[in-house]
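Below are the chains, spelled out letter by letter.
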Amino acid sequence: MSTNVAEAAEAVVPEVSKGERFRSYDVDAFEVPGGREEDWRFTPMRRLRGLHDGSAEPSGSATVEVIGEASVETVDRTDSRLGEAGIPGDRIAAQAYSAFETATVVSVPAETKLEGPVTVTVTGPGTDQVAYGHIQVRAERFAEATVVLDHRGSGIYADNVEIVAGDGAKLSVVVVTDWADDAVHVSAQHTKLGRDATLRHTLVALGGDLVRVSPTVQFSQPGADAELDGLYFADAHQHFEHRLFVDHAVPNCRSNVVYKGALQGVDAHTVWIGDVLIRAAAEGTETFELNRNLVLTQGARADSVPNLEIETGEIVSAGHASATGRFDDEQLFYLQARGIPEDQARRLVVRGFFHELLMKIDVPEVRERLESAIEAELEAVGA
Amino acid sequence: MSTLEIKDLHVAVNTDEGQKELLHGVNLTIKSDETHAIMGPNGSGKSTLSYAIAGHPKYEVTSGSVTLDGEDVLEMSVDERARAGLFLAMQYPVEVPGVSMSNFLRTAATAVRGEAPKLRHWVKEVKESMGALDIDPAFAERSVNEGFSGGEKKRHEILQLDLLNPKFAILDETDSGLDVDALRVVSEGVNRYREDGGHGIMLITHYTRILKHIKPDFVHVFAGGKVVESGGPELADKLEEEGYVAYTGNKKEAATV
Ligand SMILES: Nc1ncnc2c1ncn2[C@@H]1O[C@H](COP(=O)(O)OP(=O)(O)O)[C@@H](O)[C@H]1O
Ligand SMILES: [Mg+2]
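Figured I'd write up the structure that's included with this text. Sequence order as written defines the numbering, with residues in each chain counted from 1. Think of it this way: whatever chain is written first is A, whatever ligand is written first is 1, and the rest follow in order. For a predicted model such as this one, the threshold for reporting local features is a pLDDT of at least 70, and the threshold for listing and counting side-chain atom pairs is 80 or more; totals across whole chains, interfaces and linings nevertheless cover every residue. For the side-chain quantities, the full set of heavy atoms in the structure was used; hydrogens and water were omitted.

1. As for the interface of chain B and chain A
Reports often express the size of an interface as the amount of accessible area lost when the parts come together.
Point 1. Only heavy atoms matter for contacts: two residues are in contact if any of them lie within 4.5 Å across the pair. Contact with chain B, which involves 32 residues of that partner, is made by 18 residues of chain A.
Point 2. Buried area between chain B and chain A, summed over both chains or domains, comes out near 2,000 Å², and the portion from carbon and sulfur atoms is 67%.
Point 3. Any Lys or Arg side-chain nitrogen located within 4 Å of an Asp or Glu carboxyl oxygen qualifies as a salt bridge. Linking chain B with chain A are two salt bridges, by the criterion used here.
Point 4. Across the salt bridge formed by Glu330(A) and Lys58(B), the nearest N and O atoms sit 3.4 Å from each other.
Point 5. Any pair of nitrogen or oxygen atoms within 3.5 Å is treated as a polar contact; in protein, a donor-acceptor pairing is required on top of that, and neighbouring residues in sequence qualify only through side-chain atoms on both sides. Our enumeration of links across chain B and chain A arrives at eleven residue pairs in polar contact (both at pLDDT 80 or more).
Point 6. Elements that contribute at least two residues to the side of chain B that touches chain A include exactly α1 (46-54), α2 (78-84), β6 (86-89), β7 (96-100), α3 (101-113) and α5 (150-164) of chain B.
Point 7. Polar here means any residue outside two lists: the nonpolar Ala, Val, Leu, Ile, Met, Phe, Trp, Tyr, Cys and Pro, and the charged Asp, Glu, Lys and Arg; Gly therefore counts as polar. Residue composition of the side of chain B that touches chain A, by class: 20 nonpolar, seven polar and five charged. Two parts placed together each lose some accessible area; with a 1.4 Å probe, that loss summed over both constitutes the buried area. Only DSSP runs of H or I reaching four residues or more are called helices, and only runs of E reaching two or more are called strands; each is numbered from the N terminus.

2. Some words on the packing of α3(B) against helix α4 (residues 119-132) of chain B
All names here are of chain B.
Point 1. Fitted lines through C-alpha atoms serve as axes, helices being fitted only where they are in contact, and the angles separating the N-to-C directions of these axes extend from 0 to 180 degrees. Across the interface, α3 lies against α4 with an axial gap of 12 Å and an inter-helix angle of 115°. Between α3 and α4, the crossing angle belongs to the class labelled roughly perpendicular. Note on packing geometry: the crossing formed by α3 with α4 is right-handed. Contacts between α3 and α4 pair Leu105, Arg106, Ala109 and Arg113 from the former with Leu119, Trp122, Glu125 and Val126 from the latter.
Point 2. The residue inventory of the contact of α3 with α4, partitioned by class, reads five nonpolar, no polar and three charged. Note on angle classes: values under 35 degrees are labelled roughly parallel, values over 145 roughly antiparallel, values of 65 to 115 roughly perpendicular, and the remainder oblique. Rotating anticlockwise by less than a right angle from the far helix to the near helix defines a left-handed crossing, while the corresponding clockwise rotation defines a right-handed one.

3. Examining the site of ligand 1
Residues and elements named next belong to chain B.
Point 1. Around ligand 1 lies a shell of 14 residues, among which Gly43, Gly45, Lys46, Ser47 and Thr48 are the nearest.
Point 2. Among the elements of the structure, β1 (3-15), β2 (18-31) and α1 are those that each provide at least two residues to the shell around ligand 1.
Point 3. The element that contributes the greatest number of residues to the shell around ligand 1 is α1, accounting for three residues.
Point 4. Here the shell around ligand 1 is built from residues that sort into four nonpolar, seven polar and three charged. Here, proximity means that at least one heavy atom of the residue falls within 4 Å of the molecule or strand.

4. Quick word on a negative patch on the surface
Residue and element names in this part refer to chain B.
Point 1. The patches reported here contain residues having more than 30% relative accessible area and no salt bridge. Joining distances are 9 Å for like charges and 5 Å for nonpolar side chains (Val, Leu, Ile, Met, Phe, Trp, Tyr). Throughout, the Shrake-Rupley method with a 1.4 Å probe supplies accessible areas, and for residues the shown protein chains are the sole cover considered. Charge convention: Lys and Arg are scored as positive, Asp and Glu as negative, and His as well as the terminal groups of each chain are ignored. Each charge is placed at NZ for Lys, CZ for Arg, CG for Asp and CD for Glu. On the surface, Asp69, Glu71, Asp72 and Glu75 cluster together into a patch of negative charge.
Point 2. Relative to the helices and strands, aspartate 69 is located in the loop between β4 (60-68) and β5 (71-72).
Point 3. Residue class for aspartate 69 comes out partly exposed when judged on its relative accessible area of 38%. Residue exposure (1.4 Å probe, protein chains only): buried if accessible area is under 20% of the type maximum, exposed if over 50%, otherwise partly exposed.

5. Quick look at the coordination of the magnesium ion (ligand 2)
When four donors bind a metal tetrahedrally, each ideal donor-metal-donor angle is 109.5 degrees, and when six bind octahedrally, the ideal angles are 90 or 180 degrees.
Point 1. The coordination sphere of the magnesium ion (ligand 2) contains the protein donors Ser47(B) (OG) and Gln91(B) (OE1), at a distance range of 2.1 to 2.2 Å. On the criterion of sequence distance, the pair formed by Ser47(B) in helix α1 and Gln91(B) in the loop between β6 and β7 is long-range, its members being 44 residues apart. Note that water is not among the atoms considered, so a metal site may appear incomplete; the donors listed are N, O and S atoms within 2.8 Å of the metal, with 3.2 Å applied to Na, K and Ca.

6. Brief notes about the sheet that holds strand β6 (residues 130-139) of chain A
Residue and element names in this part refer to chain A.
Point 1. Taking strand neighbours across the sheet as the criterion, the nine strands line up as β3-β4-β6-β8-β10-β12-β14-β16-β18 in an open arrangement whose pairing is mixed. The open sheet has two edge strands with one neighbour each: β3 (71-75) and β18 (301-310). Each adjacent strand pair in this sheet contributes to an overall mean axis angle of 10°, direction not counted.
Point 2. Here ten bridges tie strand β8 (residues 156-165) to strand β10 (residues 184-193), and the two strands are oriented parallel to one another. Considered in β10, the bridge of isoleucine 163 is made with threonine 191.
Point 3. Packed onto the sheet, helix α1 (residues 91-99) meets β6, β8 and β10 and runs at close to 90° relative to β8. Note on pairing: DSSP must find at least two bridges between two strands before they are called paired.

7. Brief notes about the pairing of strand β9 (residues 170-178) of chain A
All names here are of chain A.
Point 1. Burial analysis of β9 places seven of its nine residues in the buried class, which makes it a mostly covered element.
Point 2. Where strand β7 (residues 144-152) meets β9, eight bridges bridge the pair, whose relative direction is parallel. By the bridge assignment, histidine 151 is partnered in β9 with threonine 177.
Point 3. Sheet topology places β9 next to strand β11 (residues 198-207); nine bridges connect them, and they run parallel. Residue pairing for β11: lysine 170 is matched across the bridge by threonine 198.

8. Looking at the pattern of salt bridges
Point 1. Across all of its chains, the model carries 39 salt bridges over all chains by this definition.
Point 2. In this structure, Glu241(A) engages Arg243(A) in a salt bridge whose closest nitrogen and oxygen atoms are separated by 2.7 Å. Each member of the pair, Glu241(A) as well as Arg243(A), is classed as buried.
Point 3. With a shortest N-O distance of 3.7 Å, Asp217(B) and Arg194(B) are connected by a salt bridge. Placement of Asp217(B) in the loop between β10 (200-205) and β11 (218-223) and of Arg194(B) in helix α6 (residues 180-195) is noted, with a sequence separation of 23 residues between them.
Point 4. Overlapping salt bridges bring together Arg21(A), Asp39(A), Asp90(A), Arg212(A), Glu241(A) and Arg243(A) as one network.

9. Some remarks on the sheet that holds β10(B)
Residues and elements named next belong to chain B.
Point 1. One open sheet accounts for six strands, arranged β6-β9-β10-β3-β11-β12; its pairing is mixed. Single-partner strands in this sheet number two, and they are β6 and β12 (226-231). The sheet shows a mean angle of 20° between the axes of neighbouring strands, taken without regard to direction.
Point 2. Pairing analysis gives five bridges linking β11 to β12, with the strands arranged antiparallel. Considered in β12, the bridge of phenylalanine 222 is made with valine 227.

This is how it looks when you write it as structure tokens:
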């Protein structure tokens with residue numbers, strides 16, 4: 001972007017190291033957040049509909065349907081595998097953990113490569129209904145698979161998603177939040193990667209009133225690789241928040257974060273927090289994070305906060321970039337100077353903005369759905 | 001037979017210190033099958049003139065007129081001007097990430113021609129045009145101008161000129177930054193456009209070397225935001241000898257390479 005309306009300055013090193021963050025399964029171990037806390041300062045607390053203060057009693061349930069070759073189990077909270085990828089790090093995640101009834105475990109056996117994607121469709125509990133959920137996706141050692149977590153429907157829903165990739169596994173998880181306009185969804189997504197495992201986590205945020213997703217990546221063994229991509233398109237009054245935490249605790253792992261968002265309409269609000277911690281033991285780390293936002297109309301706001309915390313100098317590379325801008329007038333001028341009408345030129349620029357991420361989505365149906373969603377968004381404002 | 005007529009054109013930009021006039025009454029008439037060289041030192045307003053004709057939003061026309069066959073160009077949007085038959089090969093072509101050259105060219109051709117070119121013909125047309133300009137076919141799948149060298153960008157500007165086939169081409173320092181081979185290839189491209197017939201050219205340049213490849217019918221010296229002298233090709237020879245010193249009082253401004 002040639003014009004930066006809000007450019008995040010130097011990476012802020014948080015006062016309290018993210019590595020020391022408090023974690024617990026017990027909801028009462030967390031204070032009820034008021035909205036001023038670092039973790040909550042961007043979130044419109046009233047629109048959480050009580051998920052954060054215990055007042056959102058479960059009143060319905062979300063349905064979980066799985067299509068694909070993976071093995072699917074519905075288990076209760078005594079299953080010893082649950083919690084393997086991570087422990088809740090905030091009150092809503094702990095609330096969801098305390099309140100879910102059954103968990104869905106989707107697993108790909110060791111040394112198995114699934115040809116097609118596995119699709120897990122989560123349908124919300126319905127308007128004004130509250131539900132809590134738990135999903136675990138497991139790729140055992142050397143398994144290869146793509147899993148789509150597709151969220152649709154209405155309601156108020158909080159969950160923990162666990163992603164476990166065993167040694168040498170190659171797992172792609174595509175999370176689509178295509179909720180109805182009223183939906184509120186708060187999701188903690190914990191990832192644990194084994195030795196030489198490869199994870200691609202792609203978040204596609206399209207719908208909902210308030211959607212807050214916190215992906216956490218924990219490297220437990222050396223040699224793993226995490227690619228975290230995100231695409232979001234927020235309309236008037238929508239709040240889409242993405243809080244990433246990549247914890248490099250072991251040597252020779254790689255992480256790459258690319259999140260891109262477009263915003264349009266009054267009070268469209270997006271938040272991107274990119275916390276990367278390179279612990280003293282994590283020599284040979286290679287990490288980069290990028291967030292770009294394209295503000296299409298007045299009255300929309302994108303917050304972007306990269307945090308890079310480095311405890312060892314023995315790394316390959318570490319960097320971040322963040323930029324938020326309006327349409328690049330020079331690009332529009334160039335396209336129009338070739339006879340392309342303004343609305344079409346704008347569409348080309350927005351599509352171009354998302355292009356590199358769209359091309360990386362390895363599930364054609366999801367990619368096409370996203371492309372047409374972007375088209376529809378642009379038609380809607382007459383951009 | 002078409003006419004592009006620029007009359008007493010005054011153009012200003014908004015700066016932090018207020019409005020600043022950059023063009024102070026430009027007069028110039030170009031007809032089909034004429035090639036006009038506009039020569040002037042850096043900062044004399046050559047790009048400002050080309051941007052104002054193309055309709056860049058930063059440049060405000062404060063008075064005067066630009067007409068194409070009597071139609072008011074200044075009333076048209078940027079894309080309408082292009083569809084009316086004006087083409088600007090930019091001094092600094094813009095990068096458009098994520099939009100492939102092939103998609104861009106086809107979208108532009110569709111807009112300018114009023115209908116999508118038949119795919120089979122189009123593929124052949126683009127291939128031939130790229131071949132004539134020594135452009136590697138792999139460029140078709142790259143993002144518009146992204147990571148192109150200066151010379152590659154200029155070749156692609158001429159590629160667009162060839163495919164969009166406008167009535168008038170304004171070439172803003174298309175020769176700058178080109179090595180000898182690229183200058184020849186690009187000049188040949190411009191000469192093909194010229195020989196097609198019915199086309200007028202405004203060839204903006206700082207140096208005389210491109211005029212050895214593309215022979216102008218008229219030469220205009222541009223200085224201080226307006227045309228200060230007009231003549232035939234012999235005026236270029238004079239500039240080659242003497243530089244712009246007579247117009248700027250600055251001995252350092254040579255017109256030769
Ligand atoms: N957007 C702008 N804002 C302020 N000054 C400008 C702007 N564009 C051009 N100028 C000034 O106008 C003058 C003419 O510029 P330009 O048209 O680019 O000259 P040329 O193409 O002949 O080198 C220069 O002094 C330049 O600095
Ligand atoms: Mg110039």
